[in-house]
Amino acid sequence: MATGTMQPREALAALVGEGLRDPYPLYEEIRAHGDLVKIKPGVMAAVGYDECDRVLRDPRLRVQDGESFDLFYPEWRAHSSLRAYTDSMLYSNPPAHTRLRRLLRGEFTPRRVAGYETAIEQITDRLLDSLAEAGAGGTAVDFIAEFASRLPIAVISGLLGVPERDQAWFRAIAADVTTALEGITNASRLAPADTAMDDLAVYFDELIERRRRCPEADLVSSLVRVHDDGGGLGRDELVGNMMLLLTAGFETTNFFMAHALLLSFEHPGLADRLRAEPGFASAYAEEVLRFEPPVQATSRWAGADVELLGTTIPAGTKVVAILAAGNRDPRRYRRPDRFDPDRPYTAPLTFGAGGHFCLGAPLSRLEARIALPRLLRRFPRIRLAGEPARRDSWVGRGIDHFPIAID
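The sections below set out a description of the structure shown in this document. (Residues numbered from 1 in each chain as written. Predicted model: local features only at pLDDT ≥ 70, side-chain atom pairs only at ≥ 80, totals over all residues. Heavy atoms only, no water.)

1. A closer look at unusual backbone geometry
Counted only if it meets this: Starting at the N terminus, helices and strands are each numbered in turn, a helix being any DSSP run of H or I of at least four residues and a strand any DSSP run of E of at least two. Whether a residue is buried, partly exposed or exposed follows from its accessible area with a 1.4 Å probe, protein chains only, as a fraction of its type maximum: under 20%, in between, or over 50%, in that order.
With omega at 5 degrees, the peptide bond leading from P94 into P95 counts as cis. Topologically, P95 is positioned in the loop between α5 (80-86) and α6 (96-104). Despite not being glycine, L309 shows a phi value in the positive range, around 50 degrees. Here L309 shows up in the loop between β6 (306-308) and β7 (311-313). You can call L309 partly exposed: its relative accessible area is 42%. With a phi close to 60 degrees, Y345 is a non-glycine residue in the positive phi region. Checked against the element boundaries, Y345 lands in the loop between α17 (323-326) and α18 (361-378). Of the residues examined, Y345 reaches a relative accessible area of 73% and is grouped as exposed.

2. Concerning the nonpolar core
What counts, and what does not: To qualify as a nonpolar core, a set must consist of buried Ala, Val, Leu, Ile, Met, Phe, Trp, Tyr and Cys residues joined through side-chain atoms within 4.5 Å. Throughout, a contact is declared for two residues whenever any of their heavy atoms are within 4.5 Å.
One finds F143, F204, L261, Y284, L375 and F402 to be the most contacted residues of the largest nonpolar core, which totals 93 residues. A total of 15 residues in this core trace back to one element, the largest contributor, which is helix α14 (residues 235-266). Among residues more than four places away in sequence, those in contact with L261 are F143, L372, L375, L376, I382, F402 and I404. Within the second largest apolar cluster, 20 residues are counted, among which are A11, L26, A297 and A325.

3. Observations regarding the pattern of salt bridges
Where charged atoms from two side chains of opposite charge come close, those side chains can pair. Inclusion rule: Each salt bridge in this description consists of a side-chain nitrogen of Lys or Arg and a carboxyl oxygen of Asp or Glu lying within 4 Å of one another.
Scanning the model with the defined rule gives 33 salt bridges in all. Its salt-bridge partner being R331, residue E51 comes within 2.6 Å of it at the nearest N-O pair. Highlighted residues: E51 in helix α3 (residues 49-57) and R331 in the loop between α17 and α18, separated in sequence by 280 residues. When its relative accessible area of 8% is taken as the criterion, E51 is described as buried.

4. Comments concerning the sheet that holds strand β1 (residues 36-40)
Test applied: Paired strands are those between which DSSP finds at least two bridges.
Reading across from one edge, β1-β2-β8-β5-β3 is the order of the 5 strands in this open sheet, with mixed pairing throughout. Where the open sheet ends on each side, the last strands, each with one partner, are β1 and β3 (61-62). In the sheet, β1 pairs with strand β2 (residues 43-46) via 4 bridges, with the strands oriented antiparallel. Bridged to L36 within β2 is A46.

5. A closer look at the pairing of strand β8 (residues 318-321)
Examined bridge by bridge, β2 and β8 share 4 bridges and lie parallel to one another. Bridge assignment links A45 to a residue of β8, and that residue is V320. Relative to β8, strand β5 (residues 298-302) is paired through 4 bridges, and the arrangement is antiparallel. Following the sheet pairing, W301 is matched in β8 by K318.

6. Quick notes on the packing of helix α11 (residues 167-177) against helix α12 (residues 190-213)
Spelled out, the test is: Note on definitions: angles span 0 to 180 degrees between N-to-C directions of axes, and those axes are lines fitted to C-alpha atoms, for helices only across the stretch in contact. Should an angle fall under 35 degrees it is called roughly parallel, over 145 degrees roughly antiparallel, and 65 to 115 degrees roughly perpendicular, with every other angle called oblique. Definitions for this section: a left-handed crossing has its near helix turned counterclockwise from the far helix by less than a right angle. A right-handed crossing has that turn clockwise. Under the scheme applied here, ten amino acids are nonpolar (Ala, Val, Leu, Ile, Met, Phe, Trp, Tyr, Cys and Pro), four are charged (Asp, Glu, Lys and Arg), and all others, including Gly, are polar.
Where α11 contacts α12, the axes come no closer than 8 Å and their chain directions differ by 135 degrees. Between α11 and α12, the crossing angle belongs to the class labelled oblique. Seen from above, α11 lies across α12 with left-handed handedness. Across the interface between the two elements, W169, F170, I173, D176 and V177 from α11 touch P192, A193, A196, M197, D199, L200, Y203 and F204 from α12. Partitioning the contact of α11 with α12 into residue classes produces 11 nonpolar, no polar and 2 charged.

7. Structural notes on the packing of α12 against α14
Running from amino to carboxyl end, α12 crosses α14 at an angle of 110 degrees, the nearest separation of the two axes being 10 Å. By the criterion of interaxial angle, the relationship of α12 to α14 is roughly perpendicular. When you trace α12 past α14, the crossing you get is right-handed. Across the interface between the two elements, M197, L200, A201, F204, D205, L207 and I208 of α12 pack against R235, L238, V239, M242, M243, L246 and T247 of α14.

It is worth stressing that arrangement in space is one thing and function is another; only the former is reported here.
This is the structure:
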């Protein structure tokens with residue numbers, strides 16, 4: 001229970017230190033001062049559901065882009081990891097964002113994503129076979145390394161057209177690259193991200209040239225064709241968006257599935273329902289996304305004075321939308337600190353809202369809905385075999401090492 005004795009600035013500062021181990025009480029300390037509060041001059045935080053939702057949807061509130069980086073971190077162009085993501089739709093605003101999203105969204109429509117179901121089932125079953133072999137005789141195995149990281153990489157690699165032989169390398173390099181998505185709180189941490197991004201750029205340049213010579217039925221071939229035909233896609237934008245699709249969706253889904261499995265251990269009755277009730281996985285997945293979201297926060301910048309639900313956000317202000325706090329807003333959800341897949345009207349903020357709603361969200365949800373019941377049915381005695389190791393930041397929350405036993 002929040003005491004309200006911490007000032008919002010203290011609570012937010014604690015989220016980059018020890019507070020990461022359990023950030024939810026700190027979110028409540030901020031909420032005790034309001035649902036959209038001033039942290040310090042030039043910075044505000046939204047912790048209410050409606051406030052976060054409006055921050056994400058208001059076109060006057062912009063994502064960080066090259067222009068905003070110039071204001072608070074003029075040296076950002078020295079980091080290839082930041083340059084690459086700034087060339088993607090993630091760190092772009094209209095009209096560039098509208099143009100880039102239009103080129104990609106056709107691959108992630110509900111109908112198109114539903115067409116991947118059989119392929120995801122086949123990949124899942126192959127990975128479960130490998131997991132059974134690795135965990136034979138009660139040997140402890142790492143759920144992250146053997147399954148949770150491999151499934152989303154295999155799925156997005158198949159969509160992009162990345163050969164299966166390269167997927168292990170992608171898993172190893174993705175964690176370093178995604179440091180650049182966590183905000184510039186410590187520029188020295190960007191060195192490994194820059195090295196990884198440079199290696200990925202070389203790889204994608206070679207893949208682009210192969211697809212230019214010999215097109216296939218994959219997303220890379222489609223984007224190369226758009227680029228070469230003058231369809232409004234620059235070379236840096238082509239590479240930047242390929243990197244975004246590979247890395248951002250991988251880690252989010254990885255953490256999503258790890259939380260889903262851990263919560264099933266904590267609630268064995270729900271694990272039984274996942275095994276027995278085919279439709280239950282959808283509600284379960286949505287509650288995981290609400291209760292323990294892999295994406296905890298994002299931010300926007302006010303390009304002009306913005307009036308939002310009775311509060312003025314001055315021009316130039318950074319607004320931190322703490323999505324995980326919005327997901328536990330007691331005005332929106334009854335008993336928000338309880339994990340309850342049967343609660344009605346769950347609509348988590350985890351994948352965002354508005355123009356920047358995550359394109360890969362339907363694919364991530366489908367992977368989790370398919371994989372978790374199959375995993376639990378295949379291994380009815382699956383259990384924790386050690387203490388999970390977390391890798392949390394103020395932006396993302398996940399498990400990096402997850403020892404399990406399957407028989």
